[in-house]
Amino acid sequence: MTKGEAKKLYLRWLDEATVCGQEAGRELTADLEDRFDYFLEGTLFYLAGHFKLPAVYEGPAVAQAGPYDRYRMPEDFRELDRIVETGGGAYRQILDYRVEGERDFLVERGATPRFLYWKNPAALGPAAAQDTVLEVHPRAAILVPLKTAADATAGSADMAATSDYLEGIFSNMLLNLSVQEKPGLPPIETIYGQG
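Residues numbered from 1 in each chain as written. Predicted model: local features only at pLDDT ≥ 70, side-chain atom pairs only at ≥ 80, totals over all residues. Heavy atoms only, no water.

## Quick notes on the sheet that holds strand 3 (residues 53–57)
At step 1: With antiparallel pairing, four strands are arranged side by side in an open sheet as 3-10-6-7. In the strand order of this sheet, the two ends are held by strand 3 and strand 7 (90–93), each with one partner. For this sheet the average axis-to-axis angle between neighbouring strands, irrespective of direction, equals 30 degrees.
At step 2: For strand 6 (residues 77–87) and strand 10 (residues 113–119), the ladder comprises seven bridges, and the chain directions are antiparallel. In the strand pairing of strand 10, Phe77 is matched with Lys119. (Pairing = 2+ DSSP bridges. Helix = DSSP H or I, 4+ residues; strand = E, 2+ residues; numbered from the N terminus. Axes fitted to C-alpha atoms, helices over the stretch in contact; angles between N-to-C directions.)

What follows is the structure, given as structure tokens:
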């Protein structure tokens, strides 16, 4: 999904995409589009917390600390998934590591770690071009225009009811998509005894 595609859907959620069946001109939607530009990045970061964006880091150690090598994760680092080592056809998860600060990991010296992590989307300023592809999990793309519409109208007294309505729809869709996102949950079974 591009920024421009998300903006069109955002205007649909706000019922501002058309006027009397004709596409609304920029002169009618300028304020709403400006709000979209400023709230979009926050929406992407919020959704990345629910629908994680996987990334891999394999880089050199930046320093040594006792029996460990220090590795600094990239700026987009959000949360560690796991550290693994592959070599000679073997695969093992590295469990002996230490965390220092927000982005530094100490791993046993001699290992060649591969960091599997969840990342933040790329920073997207208000001036980003309309053809900019948004970094969002494919399942969460449908939520981008809706969440941005709810947030962009939240501070406006004349649109408070619209914001509440959109936030309710968003919360319901987020819950439904989040449940589907967690495969492998065991079904609930009820067993009744006879007696």
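From this point, things continue past the structure.
## A few points about the packing of helix 1 (residues 3–13) against helix 3 (residues 143–153)
At step 1: Relative orientation of the contacting elements helix 1 and helix 3 amounts to 55 degrees, with a least axis distance of 8 Å. Classified by the angle their axes make, helix 1 and helix 3 are oblique. Of the two possible hands of crossing, helix 1 and helix 3 adopt the one that is right-handed. Across from Ala6, Leu9, Tyr10 and Trp13 in helix 1, the residues of helix 3 making contact are Val144, Pro145, Leu146, Thr148, Ala149 and Ala152.
At step 2: In terms of residue class, the contact of helix 1 with helix 3 is made up of nine nonpolar, one polar and no charged. (Parallel < 35°, antiparallel > 145°, perpendicular 65-115°, else oblique. Left-handed = near helix turned anticlockwise from the far one by under 90°. Contact = heavy atoms within 4.5 Å. Nonpolar A, V, L, I, M, F, W, Y, C, P; charged D, E, K, R; others polar.)

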